[in-house]
Amino acid sequence: MASGGSSPREGRKRKKKSDGSVRGKSKSRSADASQIQADIDRFTSAGHSALKRRDYVEAINCFKKAYKAATEIKETKAHRACAFNLGAAYVEAGEPQKGLEFLEKAQPGEKKDRVADLQYNLGVAHEALKDQAKASTHYFQAAQLYRSQGDGSSEGDTCMKLARCHIRMKDWSQAAQVFQRAAETYRVAGLLDSAALALKEASTLMLESGSFSSEDVIAMLSQCLELSVSITDQETLGKLYNELGLNFCQLKLFAEAAECYEQALPLVRPKPRRLAVVLQNLGAVHNTLGQYQQALDFHKEAAALHGSQGSRRAQGRCFSNLGFAHTQLGELEEAGESYLHALQAFKDTDDYMGQWQACEGLGEIRLQLRDPDKATVYYKQALGVLSKCKDSDGSVQERLVNKLSEALQLKLSLQQRGPALRRGNPDRNFYRPPRRVADGNGGEPSQGRPVRRDRLNDHKAENGFLVGAAASSSGADGDQRPHGETVILHTPANPHPAAPHTTQQDYMSVLPEANRNLNNTYEQPDVDSQDLPMAEPHAETQQSDHISETIQQTRVDKNELPVAQCVAGDSANSGNAVPMLVRLKSRFCSIM
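Residues numbered from 1 in each chain as written. Predicted model: local features only at pLDDT ≥ 70, side-chain atom pairs only at ≥ 80, totals over all residues. Heavy atoms only, no water.

1. A few points about the overall build of the protein
Okay, so step 1: Across its full length, the protein carries 20 helices and five strands.
Okay, so step 2: Buried residues in the protein amount to 52% of all 592 residues.
Okay, so step 3: On the protein, roughly 27200 Å² of surface is accessible, and the fraction owed to carbon and sulfur atoms is 49%. (Helix = DSSP H or I, 4+ residues; strand = E, 2+ residues; numbered from the N terminus. Buried < 20%, exposed > 50% of the residue type's maximum accessible area, 1.4 Å probe, protein only. Areas by Shrake-Rupley, 256 points an atom, 1.4 Å probe, with all protein chains shown as cover.)

2. Regarding helix 7 (residues 152-168)
Okay, so step 1: In a regular helix each residue adds 1.5 Å, so 17 residues correspond to 24 Å; helix 7 covers 25 Å between its end C-alpha atoms and thus fits that length.
Okay, so step 2: Counting buried positions along helix 7 gives 15 out of 17 residues, so the element sits mostly inside the fold.
Okay, so step 3: Positioned one or two residues after helix 7, lysine 170 has a phi angle of 60 degrees, which is positive. (Expected span 1.5 Å × (residues − 1).)

3. A word on the pattern of salt bridges
Oppositely charged side chains are able to pair whenever their charged atoms sit close together.
Okay, so step 1: Enumeration according to the criterion identifies 18 salt bridges in this entry.
Okay, so step 2: Here arginine 313 ties to aspartate 351 by a salt bridge, and the two come within 3.5 Å at their closest N and O atoms. With arginine 313 in helix 15 (residues 312-328) and aspartate 351 in the loop between helix 16 (332-348) and helix 17 (352-368), the pair connects residues that are 38 residues apart, well separated along the chain. Comparing arginine 313 with aspartate 351, the two get one shared label, buried.
Okay, so step 3: In this structure, the salt-bridge partner of aspartate 373 is lysine 411, at a minimum N-O distance of 3.3 Å. A residue pair is termed long-range when its members are at least 10 positions apart, and aspartate 373 in helix 18 (residues 372-386) and lysine 411 in helix 19 (residues 394-417) qualify at 38 residues. (Salt bridge = Lys/Arg side-chain N within 4 Å of Asp/Glu carboxyl O.)

4. Notes on the confidence of the model for the protein
Okay, so step 1: Per-residue pLDDT for the protein has a mean of 74; in total, 64% of the residues score no lower than 70.
Okay, so step 2: Confidence over residues 13-17 falls short of pLDDT 50; this stretch has one contact with residues more than four positions distant or in other chains.
Okay, so step 3: This stretch, residues 521-583, has a pLDDT under 50; its non-local contacts, to residues over four places away or in other chains, come to 230 contacts. (pLDDT = per-residue confidence, 0-100. Contact = heavy atoms within 4.5 Å.)

5. What to know about the packing of aromatic side chains
Okay, so step 1: A complete count under the given rule lists four aromatic pairs for this structure.
Okay, so step 2: Consider the rings of tyrosine 67 and phenylalanine 102, whose centres lie 5.5 Å apart with planes at 85 degrees: the pair is edge-to-face. Placement of the pair is tyrosine 67 in helix 2 (residues 56-70) and phenylalanine 102 in helix 4 (residues 96-105), with a sequence separation of 35 residues. Phenylalanine 102 carries the same exposure label as tyrosine 67, and that label is buried. (Phe/Tyr/Trp six-rings, centres within 6.5 Å; stacked < 30°, edge-to-face > 60°.)

6. Examining the packing of helix 2 against helix 3 (residues 76-92)
Okay, so step 1: Between helix 2 and helix 3, whose axes approach to 9 Å, the crossing angle comes to 160 degrees. On the basis of their axis angle, the class for helix 2 and helix 3 is roughly antiparallel. Of the two elements, helix 2 crosses helix 3, and the hand of that crossing is left-handed. On helix 3, the residues that touch Tyr56, Ile60, Phe63, Lys64, Ala66, Tyr67 and Ala70 of helix 2 are Ala78, His79, Cys82, Ala83, Asn85, Leu86, Ala89, Tyr90 and Glu92.
Okay, so step 2: Of the residues in the contact of helix 2 with helix 3, the class split is twelve nonpolar, two polar and two charged. (Axes fitted to C-alpha atoms, helices over the stretch in contact; angles between N-to-C directions. Parallel < 35°, antiparallel > 145°, perpendicular 65-115°, else oblique. Left-handed = near helix turned anticlockwise from the far one by under 90°. Nonpolar A, V, L, I, M, F, W, Y, C, P; charged D, E, K, R; others polar.)

7. Focus: unusual backbone geometry
Okay, so step 1: With a phi close to 65 degrees, lysine 130 is a non-glycine residue in the positive phi region.
Okay, so step 2: Within the fold, lysine 130 resides in the loop between helix 5 (116-128) and helix 6 (132-149).
Okay, so step 3: For lysine 130, a relative accessible area of 60% translates into the label exposed.
Okay, so step 4: For lysine 252, which is not glycine, the phi dihedral falls at a positive 65 degrees.
Okay, so step 5: You can see lysine 252 is positioned in the loop between helix 11 (234-250) and helix 12 (254-268).

8. Considering the environment of glycine 156
Okay, so step 1: Checked against the element boundaries, glycine 156 lands in helix 7.
Okay, so step 2: Distance from glycine 156 to tyrosine 186, taken between C-alpha atoms, is 5.8 Å for residues 30 residues apart in sequence.
Okay, so step 3: In contact with glycine 156, not counting residues within four places along its chain, are Ala182, Thr185 and Tyr186.

9. Looking at helix 13 (residues 272-288)
Okay, so step 1: The end-to-end C-alpha distance of helix 13 is 24 Å, a good match for the 24 Å that 17 residues give at a rise of 1.5 Å each.
Okay, so step 2: Among the 17 residues in helix 13, 16 count as buried, and that is most of the element.
Okay, so step 3: Following helix 13 by one or two positions, glycine 290 adopts a phi angle in the positive range, close to 80 degrees.

10. What about the environment of leucine 191?
Okay, so step 1: One can find leucine 191 in the loop between helix 8 (172-188) and helix 9 (192-209).
Okay, so step 2: Among the residues examined, leucine 191 registers a relative accessible area of 28% and is labelled partly exposed.
Okay, so step 3: For leucine 191, the contacting residues outside a window of four places in its chain are Ser153 and Tyr186.

11. Some remarks on the packing of helix 5 against helix 7
Okay, so step 1: Viewed as axis vectors pointing N to C, helix 5 and helix 7 meet at an angle of 30 degrees, and their least axial separation amounts to 12 Å. Classified by the interaxial angle, the pair formed by helix 5 and helix 7 is roughly parallel. Between helix 5 and helix 7 lies a crossing whose hand is left-handed. In this structure, helix 5 contributes Tyr120, Val124 and Glu127 to the contact, and helix 7 contributes Thr158, Lys161, Cys165 and Arg168.

12. What to know about the state of the cysteines
Okay, so step 1: Evaluated as defined, the whole model comprises zero disulfides.
Okay, so step 2: Free cysteine: cysteine 224, not disulfide-bonded; nearest cysteine sulfur from cysteine 260 at 8.8 Å.
Okay, so step 3: Look at cysteine 224 and you get buried, because its relative accessible area is 0%. (Disulfide = S-S within 2.5 Å.)

13. Some points on the environment of asparagine 242
Okay, so step 1: Considering the arrangement of structural elements, one finds asparagine 242 in helix 11.
Okay, so step 2: On the basis of relative accessibility, which here comes to 0%, the residue asparagine 242 falls in the buried class.
Okay, so step 3: Separated by 26 residues in sequence, asparagine 242 and valine 268 have C-alpha atoms that sit 9.8 Å apart.

This is the structure:
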């Protein structure tokens, strides 16, 4: 019995002791996992709070700690969620490349397990990296997943992002269709105000693409107007009506355009710059409808407001429209004054196209006043300025040369007939002492010669002012016409020329230069936007020969749209702007 082995009872005791140790270790591991999970939740919550404060550094630190903690447990779902949040935080903080690395780690293995928010964030990251093709692929997948989940609001938001990717790829037709899908999705979700804005974008791009019939565009605009009653924000509604008016102008539905501008007027009155834009457009539409007397007050008020806002180039365009209206009313002296105001404004902003057009108008007026000497001076000046325009049309130069020849022939004819038979009065000029120039800043009007810069506009913007989609705004580099522009001449010998051969719809045909001053933007002075063309004068009126160029409508360069929409209005200039990539909005998830 004195053997070295242990008794069976002792063995059983050791076995029981061993089993208790294993259970203790298991409990310890379970407690550790629970603690780690609690830490992950705590770090994730802190990261979300930091994002709300726009403290991106703190948010990234918190999500990093959560991601590191998740690597210590075998919970795959938590690991992916932490990678998802960290990647989204990097994207929103303006580091899309880093964000993309973590977002790709959050990708599930099976396609059926794809997460809509993850696809959305991948789209945002690729969009920030300017890879529009990959961004559009992820946005499309996200939109499909949101639809399968019945999340109409998120699907609509994603479609808006997808459409803007197509805009940057200059696929106008596809972008228009995606905006239509967004509108329908918003409508089903009960977000009628968002649906109206999406329809407005769709109609604009339908016109841009030229692949839709005018009936389709009109139907889209009509739906947009019906839904616009759901928009409660006056600022948004005012901008919407102004842009719808521009689209109606391109369709040559000027009565409908005027109605839109009139509805916009009371909504934009609190904002002088926006009010100036709507007044400018309303006056231009009345010019087109041949309602020149009604247009005068709109032109004058718009010019005064643009001057008070330092929008010198836009002010010049208003004076140009005012000169045209006076010319049509036979008020040549007033027309001459307005063109002189316009000429000085265009000189102040190095707008060569505006300069030669104003000189051409002044030359035409002098011809009608039988003053060939001054007409010759203005036509020569117009030709000199035209030579500075890089993309000037040869037909414009030919027309100016013909007008110069006409002035010289009139001068020769009058010389041959003798001074006694001259009907022109060489002492007549446009500087009438009683004429007053309105003070743009609300002060009393001042007398004097109308071309004094210090009296007409005490302060000017460096670049003039943004204008809508008509004649392209030109700067120091000359007459810069946007892509797709068409020019047709209206000459005395050919007052109604045939449209050039084109496959575009009828509404894409060109409109006359007389009302080139429709204005689509009013946030900041002249950045990168173009004028909207105006329409042909009323059939019963005689168009002035100096307004002879017609330009096809183009829109703001869609390739320059920001990655993420920023808040419209004066806040853009508040000085607290967030960098573009920081404005990218990612989507986050809670752990478990």
